[in-house]
Amino acid sequence: MSDMTLNRYKSLETVVGAVINGLFSLFFVFLIFGGLDVVPMQGDSGLFIDSIPQGLAIGFMGAFFPSFLTRKRIRNGQLHINGQSGHTSWLPSHPVLRALVFAVFGAALSLNFFALLTFAVNIEALAFSTAAVVKTIWGICLGGLVAAITIRLALNDYAH
């Protein structure tokens with residue numbers, strides 16, 4: 001497959017991952033915080049603690065599906081890689097195991113991002129609409145990052 005086509009594949013799948021994770025993040029903001037005028041940053045029902053399951057979910061799903069689908073497309077001949085990659089990752093190549101690693105990575109990044117907002121910027125609470133925007137944008141950014149990384153890893157790992 002030409003570099004142009006591979007780049008298009010990587011870009012498209014990254015955008016898909018980002019959009020899906022942004023939409024899921026928005027859905028869960030409404031599910032969990034819907035009805036609140038103000039969403040606290042701290043406490044059991046705060047955004048800081050909620051960042052952990054959001055990061056776990058985005059990390060896992062954002063890594064599993066791109067990795068699994070890329071692997072499947074290569075095996076089925078839908079995606080052709082010219083030549084072999086000279087390197088593989090230290091991460092597990094199995095989509096579920098790789099997704100578990102990215103779940104931990106996603107949770108750690110999310111926790112740090114919301115810790116920055118909560119403690120360094122000293123935000124105590126956000127209006128519901130602002131919380132929805134922040135969580136959605138974070139879902140888009142983290143989902144896109146995870147998808148971009150795992151697609152590249154999958155192309156390298158499964159192209160042999």
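For the structure itself, consult the block above.
Report on the accompanying structure. (Residues numbered from 1 in each chain as written. Predicted model: local features only at pLDDT ≥ 70, side-chain atom pairs only at ≥ 80, totals over all residues. Heavy atoms only, no water.)

### Observations concerning the environment of Pro92
Move 1: Inspection of the secondary structure puts Pro92 in the loop between helix H2 (47-75) and helix H3 (95-120).
Move 2: Judged by its relative accessible area of 28%, Pro92 falls in the partly exposed class.
Move 3: Separated by 41 residues in sequence, Pro92 and Val133 place their C-alpha atoms 34 Å apart.
Move 4: Here Pro92 is in contact with Leu97, Arg98 and Val101, once residues within four sequence places are set aside. (Helix = DSSP H or I, 4+ residues; strand = E, 2+ residues; numbered from the N terminus. Buried < 20%, exposed > 50% of the residue type's maximum accessible area, 1.4 Å probe, protein only. Contact = heavy atoms within 4.5 Å.)

### Regarding the packing of aromatic side chains
Move 1: Within this structure, the stated rule accounts for nine aromatic pairs.
Move 2: When the centroid spacing of 5.1 Å and the interplanar angle of 85° are considered together, the rings of Phe113 and Phe114 count as edge-to-face.
Move 3: Judged by its relative accessible area of 25%, Phe113 falls in the partly exposed class.
Move 4: Ring geometry for Phe113 against Trp138: centres 4.4 Å apart, planes inclined by 5°, an arrangement best described as stacked. You can see Phe113 sitting in helix H3 and its partner Trp138 sitting in helix H4 (residues 128-158), a full 25 residues away along the chain.
Move 5: Linked through ring pairs, Phe60, Phe64, Phe65 and Phe68 together constitute an aromatic cluster.
Move 6: Its guanidinium or amino end placed over the ring of Phe114, Lys135 lies 4.9 Å from that ring's centre, counting from NZ or CZ. (Phe/Tyr/Trp six-rings, centres within 6.5 Å; stacked < 30°, edge-to-face > 60°. Lys NZ or Arg CZ within 6 Å of the ring centre and 35° of its normal.)

### Focus on the nonpolar core
Move 1: One finds Phe33, Val39, Met41, Leu47, Phe102 and Phe114 to be the most contacted residues of the largest nonpolar core, which totals 23 residues.
Move 2: Elements supplying a minimum of two residues to this core: helix H1 (3-33), H2, H3 and H4.
Move 3: The element that contributes the greatest number of residues to this core is H4, accounting for seven residues.
Move 4: Setting aside chain neighbours within four positions, we find Val39 in contact with Phe33, Leu47, Ala125, Leu126, Phe128 and Ala131.
Move 5: Residues Leu6, Tyr9, Ile74 and Leu155 belong to the second largest nonpolar core, which totals seven residues. (Core = buried A, V, L, I, M, F, W, Y, C linked by side-chain atoms within 4.5 Å.)

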